[in-house]
Amino acid sequence: MKPQSLMAALAAATLLIGASPVRAEVSELKVAAQYGISYLPLMIMEDQKLVEKQAKAAGIPDLKVGWTKFAGGNVMNEALLSGSLHFASGGVGPMVTLWAKTRGNYDVKAAVAMNSMPLFLNTRNPNVKTLKDFTEKDKIALPAVKVSIQAVTLQMAAEQAFGPGQQNKLDSLTVTMSHPDGQTALLSGTSEVTAHFSSPPFQYQQLRQPGIHTVLNSYDVLGGPATFNLVWTTTKFRNENPKVYDAFVKAFEESIDMINKDKKWAAEAYLRLSKDKDSLDNILAMLNDPNIVFTTTPNNIMKYVRFMNKIGSIKVMPESWKELCFPNIHNLPGS
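Residues numbered from 1 in each chain as written. Predicted model: local features only at pLDDT ≥ 70, side-chain atom pairs only at ≥ 80, totals over all residues. Heavy atoms only, no water.

Re the environment of Gln203
Thinking step 1. Tracing the chain through its elements places Gln203 in helix 8 (residues 202-207).
Thinking step 2. The class of Gln203 is buried, set by a relative accessible area of 0%.
Thinking step 3. Put simply, Gln203 and Thr214 are 11 residues apart on the chain and 8.7 Å apart in space, counted from C-alpha to C-alpha.
Thinking step 4. When sequence neighbours within four positions are dropped, the list of residues in contact with Gln203 reads Pro118, Leu119, Phe120, Asn122 and Ser198.
Thinking step 5. At a separation of 2.8 Å, a polar atom in the side chain of Gln203 contacts the main-chain amide nitrogen of Phe120. (Helix = DSSP H or I, 4+ residues; strand = E, 2+ residues; numbered from the N terminus. Buried < 20%, exposed > 50% of the residue type's maximum accessible area, 1.4 Å probe, protein only. Contact = heavy atoms within 4.5 Å. Polar contact = N/O pair within 3.5 Å; in protein donor to acceptor, adjacent residues only side chain to side chain.)

Structure, rendered in structure tokens:
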């Protein structure tokens, strides 16, 4: 071999040895949801295998998708950081908390918003008409003490009712419970839980029972409609799995479109998938409620962010809602 050819061969071999192998994208995607009609887009994605369909179109024919149910966003966040979960879903509070904690390392951000819908704080205690009527004899069930969107909304409402610096006034009354467990406790009439800060369909089902009334509506606290749920992941996962990430987002958008195009079909799907014993008419009425909207656009999330920063729940303040979200939704009219 000529010296020039030998040198060229050695150089090529060195490049091959030193080159980093191309990292394959995940073969199994792990997604988490919680309880209630607000998670209907994820339920439909699982049932219709929409992520698998979009992945196949992107050249990933054998993607497996695992789905897990969690009772609250705090546990879900731990799973996301441990790597046992790829997409978490829940309220604005848990997502913003993790965004603030992971800046500069995991860099967690929202992939999409899921919906806007009001949250009711209901009680069976006839003496409780306002937040000021709660006493130490009352316990308020919600998904995660201090972290869930219900917990943050309650803190906002407490500050409005009791004055600046009093946002934690009712925290000692709150207990962490899944929505199904919280509803069972509230309606039992015997549990220490006398109030439940939940979400659709639970809050509406409770109000159909004798003696249950609403103390607080989240839209009143915020001064209008606001995002309830989002879906979030780490920047690391998105960077290492661009095709899978994109397939998930496209599947999510497809699911939202399916719900909005045929509410009756969506209501039937919810009853079938959730095993909820409610009537089709009741679920359809919720989906047709103008206050309940399934959309990927973040709405009013900065009101929560500013409050959480003011009371010290998060130590950093984003310049805008876009800093909390990945670029695929930056073109939307968020707030």
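With respect to the sheet that holds strand 9 (residues 193-197)
Thinking step 1. Taking strand neighbours across the sheet as the criterion, the 5 strands line up as 8-7-9-6-10 in an open arrangement whose pairing is mixed. Because the sheet does not close on itself, it has two edges, and the strands there are strand 8 (174-176) and strand 10 (213-217). Averaged over all pairs of adjacent strands, the angle between strand axes in this sheet comes to 30 degrees, irrespective of strand direction.
Thinking step 2. Each of strand 6 (120-123), strand 7 (139-142), strand 8, strand 9 and strand 10 is contacted by helix 6 (residues 149-162), which is oriented at about 135 degrees to strand 7, the strand it contacts most.
Thinking step 3. In the packing of helix 7 (residues 179-188) onto the sheet, the strands contacted are strand 6, strand 7 and strand 9, and the crossing angle to strand 9 comes to about 140 degrees. (Pairing = 2+ DSSP bridges. Axes fitted to C-alpha atoms, helices over the stretch in contact; angles between N-to-C directions.)

Regarding the sheet that holds strand 4 (residues 108-113)
Thinking step 1. Strand order in the open sheet made by the 3 strands is 3-11-4, with antiparallel pairing throughout. Edge positions in the sheet fall to strand 3 (88-91) and strand 4, since each of these pairs with one other strand and no more. Ignoring which end each strand starts from, the neighbouring axes of this sheet average 40 degrees apart.
Thinking step 2. As paired strands, strand 4 and strand 11 (residues 229-234) are joined by 5 bridges and run antiparallel to one another. Pairing of Ala113 across the sheet is with Leu230, part of strand 11.

Here we look at the pairing of strand 6
Regular strands have side chains that alternate between both faces of the sheet.
Thinking step 1. Of the two faces of strand 6, the one carrying Phe120 and Asn122 and the one carrying Leu121 and Thr123 are both buried.
Thinking step 2. Strand direction decides the pairing type here: strand 6 and strand 10, joined by 4 bridges, are antiparallel. Across the sheet, Asn122 pairs through a bridge with Thr214, a residue of strand 10.
Thinking step 3. Of the pairings in the sheet, the one linking strand 6 to strand 9 comprises 3 bridges and is antiparallel in character.

Overview of the environment of Ser320
Thinking step 1. Along the chain, Ser320 turns up in the segment after helix 14 (301-310).
Thinking step 2. Ser320 gets classed as partly exposed once you look at its relative accessible area, which sits at 29%.
Thinking step 3. Spatially, the C-alpha atoms of Ser320 and Glu25 are 31 Å apart, while their sequence positions differ by 295 residues.

Here we look at the side chain of Thr227
Thinking step 1. Topologically, Thr227 is positioned in the loop between helix 9 (218-222) and strand 11.
Thinking step 2. Taking relative accessible area as the criterion, Thr227 reaches 2% and is therefore assigned buried.
Thinking step 3. A polar side-chain atom of Thr227 sits 2.7 Å from the main-chain amide nitrogen of Asn299.
Thinking step 4. Thr227 has contacts with Val92, Ala113, Asn115, Ser116, Thr297, Pro298, Asn299, Ile301 and Tyr304, leaving out every residue within four places of it along the chain.

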